[in-house]
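Geometric and topological summary
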Amino acid sequence: MKQRIITGLIGGATFLFLVYLGNVWYSLLVLFLAVMGLFEFLRMAGLRPFSAAGVLAYALMVSIVWPALSFSAGTGVVMPDLVLPVTLLLLVYSVLRKNQFHIEHAALTLIGALYIGYGFTYMAAVRNLPDGLMLTVLVILGIWASDSGAYFIGKAVGRRKLWPAISPNKTVEGSFGGLLAAVAVVLGVNAAFGHLPLGQAVAIALVAAVAGQLGDLVESAIKRHFGVKDSGRILPGHGGVLDRCDSWIMVFPVLYLLGIV
């Protein structure tokens, strides 16, 4: 727990500093997290990240994230829509590999690139909005508050299991506690430092808690299916990038789809 807390404090402070800087620094962070996240996903799925299929996955993922990065317009590089050509190439690759790489592998390669690509795309896109700094900070703080509230309240008073087949330690009481914590933190920070309308702040808090916990369950289901405890080991005491970003890559796209940001 001590290692987990130390890593969390250092990582959290570094992340918030790069969010504050924005522009190229934050974009490079998002791109790095996306690359590492896809690497972890492919490895969990038993796929070689540096094979031909892995290269196709990275190409598709980067093509999705690229337009949202702050420095992309200055490069003059326009990424084409690679979903169709990558899909076709993966199917052809399954033939060339004589079913050593088969249709399930192709599907996992695609879903990994799309899931991670779109998740980190909206993390970058929100920061580029006029109120992007405050929006991003509120979303992240809401997710962190939900995680902490769910953990500590679940430990203290949790009795009823939320989804034992996927994540046996999560409780209904903890989930509700995480929701309350997210609302309290987001509304408090917005009242003290922000200027977002009350309704938008409440919506951000609710999505951060509900979609954030759902994102955590999605990642738990993926890890349970592949029989791994953590997605990686890059963060001592916390696991991999996907272990820490599972809520983020669910919350930011949901906020976009609902028109909240």
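Structure's up top.
First things first, this report covers the structure right here in the doc.

Cut-off values and rules
Residues numbered from 1 in each chain as written. Predicted model: local features only at pLDDT ≥ 70, side-chain atom pairs only at ≥ 80, totals over all residues. Heavy atoms only, no water. Helix = DSSP H or I, 4+ residues; strand = E, 2+ residues; numbered from the N terminus. Rg over C-alpha atoms; globule rule 2.2 N^0.38 Å. Contact = heavy atoms within 4.5 Å. Areas by Shrake-Rupley, 256 points an atom, 1.4 Å probe, with all protein chains shown as cover. Lys, Arg positive; Asp, Glu negative; His and termini not counted. Charge placed at Lys NZ, Arg CZ, Asp CG, Glu CD. Expected span 1.5 Å × (residues − 1). Salt bridge = Lys/Arg side-chain N within 4 Å of Asp/Glu carboxyl O. Buried < 20%, exposed > 50% of the residue type's maximum accessible area, 1.4 Å probe, protein only. Patch = residues over 30% accessible without salt bridge, like charges linked within 9 Å, V, L, I, M, F, W, Y side chains within 5 Å. Axes fitted to C-alpha atoms, helices over the stretch in contact; angles between N-to-C directions. Left-handed = near helix turned anticlockwise from the far one by under 90°. Nonpolar A, V, L, I, M, F, W, Y, C, P; charged D, E, K, R; others polar. Phe/Tyr/Trp six-rings, centres within 6.5 Å; stacked < 30°, edge-to-face > 60°.

**A word on the overall build of the chain**
Assigned secondary structure in the chain consists of eleven helices and two strands. In sequence order, the secondary structure elements of the chain are arranged as α-α-α-α-α-α-α-β-β-α-α-α-α. For the chain, whose C-alpha radius of gyration is 19 Å, the value lies close to the compact-globule estimate of 18 Å for 261 residues. When contacts within the chain are restricted to residue pairs at least 6 apart in sequence, those whose partners lie at least 24 apart make up 69%. For the chain, the exposed surface amounts to about 13100 Å²; the carbon and sulfur share of it is 70%. Computed over 17 positive and 11 negative side-chain charges, the inter-centroid distance for the chain is 8 Å.

**Concerning helix 2 (residues 23-44)**
Compared with an ideal rise of 1.5 Å per residue, which puts 22 residues at 32 Å, helix 2 spans 32 Å between its outermost C-alpha atoms and is within 8% of the ideal. A positive backbone phi angle near 80° is found at Gly-46, which sits one or two residues after helix 2.

**Here's the deal with the pattern of salt bridges**
A complete count under the given rule lists four salt bridges for this structure. Taking the shortest distance from any N to any O, the salt bridge between Lys-170 and Asp-216 comes out at 2.5 Å. Remark: Asp-216 occurs in helix 9 (residues 198-226) and Lys-170 occurs in strand 2 (residues 167-171); sequence separation between them is 46 residues. Given the relative accessible area of 26%, Lys-170 is considered partly exposed. Linking Asp-243 and Lys-223 is a salt bridge whose minimum nitrogen-to-oxygen distance equals 2.8 Å. Taken together, the residues span a long stretch of sequence, with Asp-243 in helix 10 (residues 241-245) and Lys-223 in helix 9 at a distance of 20 residues. What makes Asp-243 buried here is its relative accessible area of 5%.

**What about a nonpolar patch on the surface?**
On the surface, a nonpolar cluster with roughly 610 Å² of combined accessible area is contributed by Phe-17, Tyr-20, Leu-21, Val-24, Trp-25 and Leu-28. Elements with a minimum of two residues in the nonpolar patch: helix 1 (2-21) and helix 2. In this fold, Val-24 is placed in helix 2. Take Val-24: its relative accessible area is 34%, and that puts it in the partly exposed class.

**With respect to the packing of helix 7 (residues 132-157) against helix 8 (residues 172-193)**
Between two packed helices, what matters for the description is the angle formed by their axes and the separation of those axes. Packing of helix 7 against helix 8 leaves a shortest axis separation of 6 Å and a crossing angle of 145°. Judged by the twist between their axes, the crossing of helix 7 over helix 8 is right-handed. Along its contact with helix 7, which presents Met-134, Leu-138, Leu-141, Gly-142, Ala-145, Ser-146, Gly-149, Ala-150, Ile-153, Gly-154 and Val-157, the element helix 8 presents Glu-173, Gly-174, Ser-175, Gly-177, Gly-178, Ala-181, Ala-182, Val-185, Val-186, Val-189, Asn-190 and Phe-193. Residue composition of the contact of helix 7 with helix 8, grouped by class: 13 nonpolar, nine polar and one charged.

**Regarding the packing of aromatic side chains**
Counting across every chain of the model gives nine aromatic pairs. Joined through ring pairs, the aromatic side chains of Phe-15, Tyr-26, Trp-144 and Trp-248 make up one cluster.

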